[in-house]
Amino acid sequence: MTAAPPRLRAVVLAALLACTVLPSAGRAAAAGAVRRTTPLLADWRFVQDDALADDAALAASGTDWQPVALPHTWNARDAASTAQTGPDSTPYKRGRGWYRLEFDHAGVPANAWLQFDGAAIVADAWLNGRYLGRHRGAFTAFRFDVTGKLAAGRNVLLVKVDNSAPVHGDDPTAVAPLGGDFNISGGLYRGVALIETPARTHLALGDHGASGVVAETVALRPGRATLRVRATVENVSDAGTVRAALIDAAGRTVASGRRPVRVSGAGAARAQLALDVARPRPWQGTDDPYLYRLRVDLLDRNGRVIDRVEQPFGIRTFRFDARAGLFLNGRHLRLHGVNLHQDWQDKAWAIGPREIDASLAIAREMGANAVRLAHYPHAAHAYDEADRLGLVVWSELPFVERSLTPADCKAGAAIPPAFLDNLDDQLREMIRQQVNHPGIAMWSIANEVAMGGTCRGTDTVTPVLHRLHALAKREDPGRPTTLADFNEDYPVVGPMFPVLPTGGITDIWAVNRYHLWYYPGGGDAFGAALDRFHAKYPAQPLGVSEYGAGAALTQQTDNPLGGLVGSMDMHGRARTVHQPEGYANHVHEQVYAALAQRDYLWGTFVWSMFDFGSGTRHEGDIGGTNTKGLVTFDRATRKDPFYFYKANWSDAPVTYITGRRYTARAYRVTDVRVYSNADTVRLTLNGRDIGVRSAAACPLRTCVFPGVVLAEGANRIEARGTHGTHTVTDTVAWTLAPDNARNVYLAAGQVATGLVSKDGHRYGSDNYFVGGQGTPLELDSPYGTRFGVRVANVTDPADAALWAAVRHGTFGYRIPLDDGRYRVTLGFLDPDRNAQPGTRRFRVDANGVTRIDDLDIVAAAGAPATALVRSFEVDVADGSLRLDFVPQAGEAVLSNLVVERL
Ligand code: GCB
């Protein structure tokens with residue numbers, strides 16, 4: 001897209017500031033400027049009205065409509081608020097909005113275009129009552145030629161925008177994407193501008209919203225680079241010249257050239273020229289994101305400049321190698337990437353450069369050198385800013401999840417041709433609008449389309465992927481295509497998501513895999529899968545486009561392995577709403593360890609940099625939100641795993657104690673984890689030395705201090721990282737109540753800590769266990785319950801929560817305690833609704849001595865799901881209580897455990 005030169009921008013800004021009453025395109029005009037771009041952002045009138053007919057809207061004065069400024073969406077609150085309460089909440093408003101702007105223009109321009117930077121999803125526009133046209137697609141810019149329609153004096157611009165959810169492929173809004181785990185904000189959520197040039201002949205404005213200039217590095221050798229610049233000129237009625245100049249950061253022209261444009265009637269003509277650059281300074285990612293400016297002028301036969309496009313330009317080459325990864329200008333570069341959606345809490349999609357800059361700055365702070373701008377084209381400014389920061393960009397077509405609507409699939413319909421055309425259009429627009437960005441390394445043609453990839457047994461996706469790949473190669477032969485796969489080779493995902501291989505179609509490939517979250521197995525399973533893909537497609541460079549875990553700031557854990565975590569499993573079944581922050585740490589540590597070892601990967605992208613709006617979700621501690629962000633939706637809080645990556649990726653000194661939000665501790669003895677890239681990390685507790693770790697003892701910058709014994713009352717834990725001559729300290733303040741300093745209260749099978757019983761005891765999550773499995777029995781998820789067992793004879797809700805999960809199997813506990821005498825109280829219930837006396841029997845040993853033998857819970861309690869309590873006293877002599885639950889028939893099972901000092 002065309003950026004106004006800085007001088008012009010200043011003039012336009014000054015004009016805008018001057019015109020608070022009525023925007024005046026005429027007043028924004030700078031005398032002698034070649035191309036004038038006047039933002040039309042203020043003084044719009046808006047109404048949300050699904051029933052308003054076009055004629056009535058055209059006749060309306062809009063005076064009773066709401067005054068708004070762009071960017072604007074009608075979903076700023078309902079689709080982007082964490083107060084959404086999930087499936088039961090009112091879904092965010094999808095429908096039609098009308099925008100009306102009156103503005104003055106001085107004189108009748110020779111050439112005028114209206115540019116829309118983005119309108120979601122379908123937009124129709126009228127100027128002074130004359131229909132300009134329709135654009136289908138929420139994410140790309142588009143323009144209408146208003147030459148001859150723009151009046152001298154008062155003008156009225158009317159825009160209808162529709163973000164209805166399509167039911168059928170021939171609905172007006174049946175444009176990509178047809179699915180996706182994100183909200184589609186409606187409205188004019190980016191800018192609108194009027195572009196004018198002094199002659200009817202101009203650098204192309206009518207080519208899919210593109211700038212009319214395509215520039216690329218065709219050769220980069222030491223000391224020399226060759227660029228190819230192609231300009232498209234529209235309405236060529238006379239001889240002219242295209243002149244291109246490459247200008248360095250100091251303002252010096254370092255290469256230039258010119259080419260005549262041939263007369264071609266009213267159509268478009270092209271001029272191509274080469275620029276040779278001596279001693280080029282390449283764009284070297286975040287190491288040196290050096291940008292030139294490329295200025296392309298259009299001159300008339302008298303040598304007068306009649307149009308100008310000026311853009312930042314980076315000289316660079318990318319090369320992907322299936323075995324060795326990515327090379328930028330011949331230098332190996334492993335992409336440390338993050339995924340980003342374009343929304344922001346309480347603003348949804350109506351964001352501007354300030355929000356974009358803030359988001360990308362946080363990614364850079366963490367040390368990311370790449371961003372996947374998911375799952376659609378973002379605002380032009382995002383690509384500009386990424387170039388400026390040196391971020392490598394994965395740019396993506398919004399072909400997400402499905403190729404036809406579920407209703408059409410049910411009816412047995414084939415993909416509507418209009419939908420395929422729309423995919424083509426959006427791909428062309430994306431590539432032509434973004435083509436000159438040095439940061440963009442790949443065009444992604446799809447995300448997880450295998451999810452809705454078969455309709456009534458027919459593969460509706462693979463042919464479309466081939467088609468889009470071919471189109472992308474025609475549009476931009478030099479850039480690789482990619483896609484984000486979801487389930488190749490994962491039969492475990494079952495009938496809900498039939499397996500559709502997507503490897504081997506695009507130039508490079510990447511996979512979304514959520515091990516330890518939706519997918520079975522941890523880092524090892526993920527690593528093994530990657531190795532299989534690498535072997536199966538040896539010529540296709542492989543990356544990881546998504547992995548991650550949800551994290552709720554108010555949910556904490558004593559042991560991430562204590563029980564189930566997550567939202568839904570791969571069979572669509574609810575698991576739990578618990579998403580302790582410490583579990584996310586565990587996922588990132590485990591999974592990243594597997595990724596970091598694999599040198600053939602060209603890059604990996606965390607899902608995701610920020611929490612984002614997804615109206616169908618309710619998980620963790622908030623509604624309407626996908627909680628997998630490393631930073632919260634409002635960008636205010638960096639979650640623990642943010643610092644794991646910062647310690648691994650950034651050059652800035654990092655020493656960070658995890659679990660800082662878990663302040664009221666349940667257990668006296670705990671491991672302390674510190675993310676640090678220091679040479680050494682020293683830990684102290686209330687000023688007392690706990691120990692020192694050298695960097696070598698901290699794999700993946702994770703230093704663990706096991707078994708730290710907290711004091712009763714206040715605990716000030718300090719980690720001091722020595723980074724060369726520099727010291728970084730981090731402190732956390734944890735408290736341990738006297739009750740918890742003396743006793744152990746443990747909720748078996750629970751992963752989230754902090755349940756408080758009716759009589760005020762604070763229970764920790766399952767911890768100190770060996771073996772067995774933690775499983776929730778009754779889920780407080782609005783999606784429903786999995787086991788549906790409710791404890792029969794405990795009525796107080798606080799106490800009932802202590803019976804909502806079990807540890808089961810063959811298992812034990814190794815509980816660190818001071819020597820002395822204790823009472824052990826064990827809570828049992830049989831979670832099997834159909835259990836009969838005799839089906840489950842087990843014994844409990846304490847320090848090797850059997851204390852409960854042949855326990856038959858159903859027989860003793862009288863029914864399944866009925867609480868049964870047993871206790872005994874025990875002496876601890878060697879700093880540890882050993883409890884073993886040994887099956888005699890079926891599995892042993894435990895609901896809660898209390899150890900009280902006598
Ligand atoms: C995915 C999707 C992404 C979702 C994410 C999740 O694989 O590509 O759009 O948001 O998983 O969090 O489930």
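The model shown is predicted, which means the values in this text are computed figures rather than measured ones. (Residues numbered from 1 in each chain as written. Predicted model: local features only at pLDDT ≥ 70, side-chain atom pairs only at ≥ 80, totals over all residues. Heavy atoms only, no water.)

1. Focus: the overall build of the protein chain
Helix and strand counts for the protein chain come out as 14 helices and 56 strands. Computed over C-alpha atoms, the radius of gyration of the protein chain comes to 31 Å, within 12% of the 29 Å expected from 2.2 N^0.38 for 902 residues, which places it in the range of a compact globule. On the principal axes, the C-alpha backbone points of the protein chain span a range of 105 × 65 × 55 Å. Taken over 902 residues, the protein chain has a buried fraction of 60%. (Helix = DSSP H or I, 4+ residues; strand = E, 2+ residues; numbered from the N terminus. Rg over C-alpha atoms; globule rule 2.2 N^0.38 Å. Buried < 20%, exposed > 50% of the residue type's maximum accessible area, 1.4 Å probe, protein only.)

2. A few points about the packing of helix H4 (residues 353-365) against helix H5 (residues 380-389)
At their nearest, the axes of H4 and H5 sit 10 Å apart, and the two run at 35 degrees to each other. Between H4 and H5 the crossing geometry is right-handed. Residues Pro-353, Ile-356, Asp-357, Leu-360 and Arg-364 of H4 touch H5, and the partners they reach there are His-381, Ala-382, Glu-385, Ala-386 and Leu-389. Classifying every residue of the contact of H4 with H5 by side-chain character gives six nonpolar, one polar and three charged. (Axes fitted to C-alpha atoms, helices over the stretch in contact; angles between N-to-C directions. Left-handed = near helix turned anticlockwise from the far one by under 90°. Contact = heavy atoms within 4.5 Å. Nonpolar A, V, L, I, M, F, W, Y, C, P; charged D, E, K, R; others polar.)

3. Examining the pattern of salt bridges
For the structure shown, the criterion picks out 60 salt bridges. The shortest N-O distance in the salt bridge between Arg-308 and Asp-297 comes to 2.6 Å. Of this pair, Arg-308 sits in strand S20 (residues 305-313) while Asp-297 sits in strand S19 (residues 292-299), placing them eleven residues apart in sequence. Among the residues examined, Asp-297 registers a relative accessible area of 3% and is labelled buried. Between Arg-841 and Asp-854 there is a salt bridge, with its nearest N and O atoms 2.6 Å apart. In this pair, Arg-841 is assigned in strand S51 (residues 841-846) and Asp-854 in strand S52 (residues 849-855), connecting sequence segments 13 residues apart. (Salt bridge = Lys/Arg side-chain N within 4 Å of Asp/Glu carboxyl O.)

4. Details of the pairing of S20
The buried count for S20 comes to seven of nine residues, which makes it a mostly enclosed element. Connecting S19 to the antiparallel partner S20 that follows it, the hairpin turn spans five residues, and Gly-303 within it adopts a positive phi of roughly 85 degrees. (Pairing = 2+ DSSP bridges.)

5. Focus: unusual backbone geometry
Residue Leu-70 is joined to Pro-71 through a cis peptide bond whose omega torsion reads -5 degrees. Turning to its location among the elements, Pro-71 is positioned in the loop between strand S3 (66-68) and strand S4 (96-105). Here the bond from Trp-607 into Ser-608 is cis, since omega is -5 degrees, no more than 30 degrees from zero. Residue placement: Ser-608 occurs in the loop between strand S34 (603-606) and strand S35 (612-619). The residue Asp-43 is not glycine, and still its phi comes out positive at about 65 degrees. Relative to the assigned elements, Asp-43 resides in the loop between strand S1 (36-39) and strand S2 (44-48). For Asp-43, a relative accessible area of 32% gives the class partly exposed.

6. Some remarks on empty space enclosed by the protein
For the coordinates displayed, the defined rule picks out four cavities of 30 Å³ or more. The computed volume of the largest cavity comes to approximately 100 Å³. Residue lining of the largest cavity: 14 residues in total, with Leu-340, Gln-342, Ile-351, Ile-356 and His-378 positioned closest to the centre. Examining the composition of the lining of the largest cavity, we find that four residues originate from one element, H4, more than from any other. Class assignment of the residues belonging to the lining of the largest cavity gives a composition of seven nonpolar, four polar and three charged. (1 Å grid on protein atoms, 1.4 Å probe; cavity = no way out; pocket = protein on both sides within 12 Å on 5 of 7 lines; lining within 4 Å. Points joined across faces, edges and corners; volume = space filled by probe spheres on them.)

7. Focus: the packing of helix H7 (residues 417-434) against helix H8 (residues 462-475)
Contact geometry of H7 with H8 gives a least axis separation of 10 Å together with a crossing angle of 30 degrees. Judged on the interaxial angle alone, H8 and H7 are roughly parallel. Between H7 and H8 the crossing geometry is right-handed. Contacts between H7 and H8 pair Leu-420, Asp-421, Leu-423, Asp-424, Leu-427, Arg-428, Ile-431 and Arg-432 from the former with Val-464, Arg-467, Leu-468, Leu-471, Ala-472 and Glu-475 from the latter. Here the contact of H7 with H8 is composed, by residue class, of eight nonpolar, no polar and six charged. (Parallel < 35°, antiparallel > 145°, perpendicular 65-115°, else oblique.)

8. Structural notes on helix H11 (residues 640-649)
Of all ten residues in H11, ten are buried; the element is thus mostly enclosed. Restricting attention to buried positions, one finds in H11 the residues Asp-640, Pro-641, Phe-642, Tyr-643, Phe-644, Tyr-645, Lys-646, Ala-647, Asn-648 and Trp-649.

9. Examining the site of the ligand
In the vicinity of the ligand, 13 residues are found, and the nearest of them are Asp-181, His-375, Glu-448, Tyr-518 and Lys-628. Side-chain polar atom of Trp-607 to an oxygen atom of the ligand: 3.3 Å apart, as the coordinates give it. Between the ligand and Asn-626 there is a distance of 2.8 Å, counted from an oxygen atom to a side-chain nitrogen or oxygen. Burial of the ligand by the surrounding chains reaches 94%, relative to a free accessible area of 320 Å². If you list the elements that add at least two residues to the shell around the ligand, you get strand S28 (440-452) and S35. Classifying every residue of the shell around the ligand gives four nonpolar, four polar and five charged. (Near = heavy atom within 4 Å. Polar contact = N/O pair within 3.5 Å; in protein donor to acceptor, adjacent residues only side chain to side chain. Areas by Shrake-Rupley, 256 points an atom, 1.4 Å probe, with all protein chains shown as cover.)

10. Here's the deal with the packing of aromatic side chains
For the structure shown, the criterion picks out 38 aromatic pairs. Seen from the ring of Tyr-662, Arg-665 lies directly overhead, with NZ or CZ sitting 3.8 Å from the centre. The ring of Phe-769 has Arg-807 lying over it, and the distance from NZ or CZ to the ring centre is 3.7 Å. (Phe/Tyr/Trp six-rings, centres within 6.5 Å; stacked < 30°, edge-to-face > 60°. Lys NZ or Arg CZ within 6 Å of the ring centre and 35° of its normal.)

11. Some points on the confidence of the model for the protein chain
A residue-level look at the protein chain finds 92% of positions with pLDDT of 70 or above and a mean pLDDT of 91. Note that residues 570-574 has pLDDT below 50 and, in this model, 19 contacts with residues that lie over four places away or in other chains. (pLDDT = per-residue confidence, 0-100.)

12. Some thoughts on the UniProt feature "domain: DUF4982" (unreviewed entry) in the protein chain
Taking the UniProt record as the reference, the feature "domain: DUF4982" (unreviewed entry) is found at residues 669-723. Secondary structure within residues 669-723 divides into 0% helix and 73% strand; the distance between the first and last C-alpha atoms comes to 29 Å. (UniProt positions renumbered as here; feature names shortened; annotations may be inferred.)

13. Some details on the state of the cysteines
Following the criterion strictly, the structure yields two disulfides and no others. In this model Cys-409 forms its disulfide with Cys-455; the gap between the sulfur atoms is 2.4 Å. Torsion about the S-S bond of the Cys-409 and Cys-455 cystine: about 115 degrees, corresponding to right-handed handedness. Residue Cys-409 is found in helix H6 (residues 406-410), and its partner Cys-455 is found in strand S29 (residues 454-455); the two are separated by 46 residues along the sequence. Here Cys-409 falls in the buried class, since its relative accessible area comes to 18%. The disulfide bridge from Cys-698 ends at Cys-703, spanning 2.2 Å between sulfur atoms. Between Cys-698 and Cys-703, the S-S dihedral sits near 110 degrees, and the bridge is therefore right-handed. Classification of Cys-698 by relative accessible area gives buried; the value is 7%. Taking the relative accessible area as the measure of exposure, Cys-703 reaches 1% and is therefore buried. Once the bonded cysteines of the protein chain are numbered in order along the sequence, the disulfide links fall as 1-2, 3-4. (Disulfide = S-S within 2.5 Å.)

14. Details of the nonpolar core
Residues Val-338, Phe-399 and Met-609 are the most contacted members of the largest nonpolar core, which totals 106 residues. The residues contacting Phe-399, other than those within four sequence positions of it, are Phe-419, Leu-423, Ile-445, Ala-446, Asn-447, Val-449, Val-464, Leu-465 and Leu-468. (Core = buried A, V, L, I, M, F, W, Y, C linked by side-chain atoms within 4.5 Å.)

15. Examining the sheet that holds strand S9 (residues 153-162)
What the six strands build is an open sheet, ordered S3-S2-S4-S9-S6-S7; its pairing is antiparallel. The sheet is open, and its two edges are formed by S3 and strand S7 (130-136), each paired on a single side. Ignoring which end each strand starts from, the neighbouring axes of this sheet average 25 degrees apart. Inspection of the sheet shows S2 paired to S3 by three bridges, in the antiparallel sense. Each residue of the ladder has a partner; that of Phe-46, found in S3, is Gln-66.

16. What to know about the sheet that holds strand S5 (residues 111-116)
Spatial ordering of the open sheet is given by S1-S10-S5-S8, a layout of four strands whose pairing is antiparallel. Edge positions in the sheet fall to S1 and strand S8 (142-145), since each has one partner strand and no second. Ignoring which end each strand starts from, the neighbouring axes of this sheet average 25 degrees apart. In the sheet, S5 pairs with strand S10 (residues 192-197) via six bridges, with the strands oriented antiparallel.

17. Structural notes on the environment of His-808
Inspection of the secondary structure puts His-808 in strand S49 (residues 805-816). Note: C-alpha distance between His-808 and Gln-773 (35 residues apart in sequence) is 5.4 Å. Apart from the residues lying within four places of it in its own chain, the contact partners of His-808 are Gly-772, Gln-773, Thr-775, Glu-891, Ala-892 and Val-893. There is a polar contact of 2.8 Å between the side chain of His-808 and the side chain of Thr-775.

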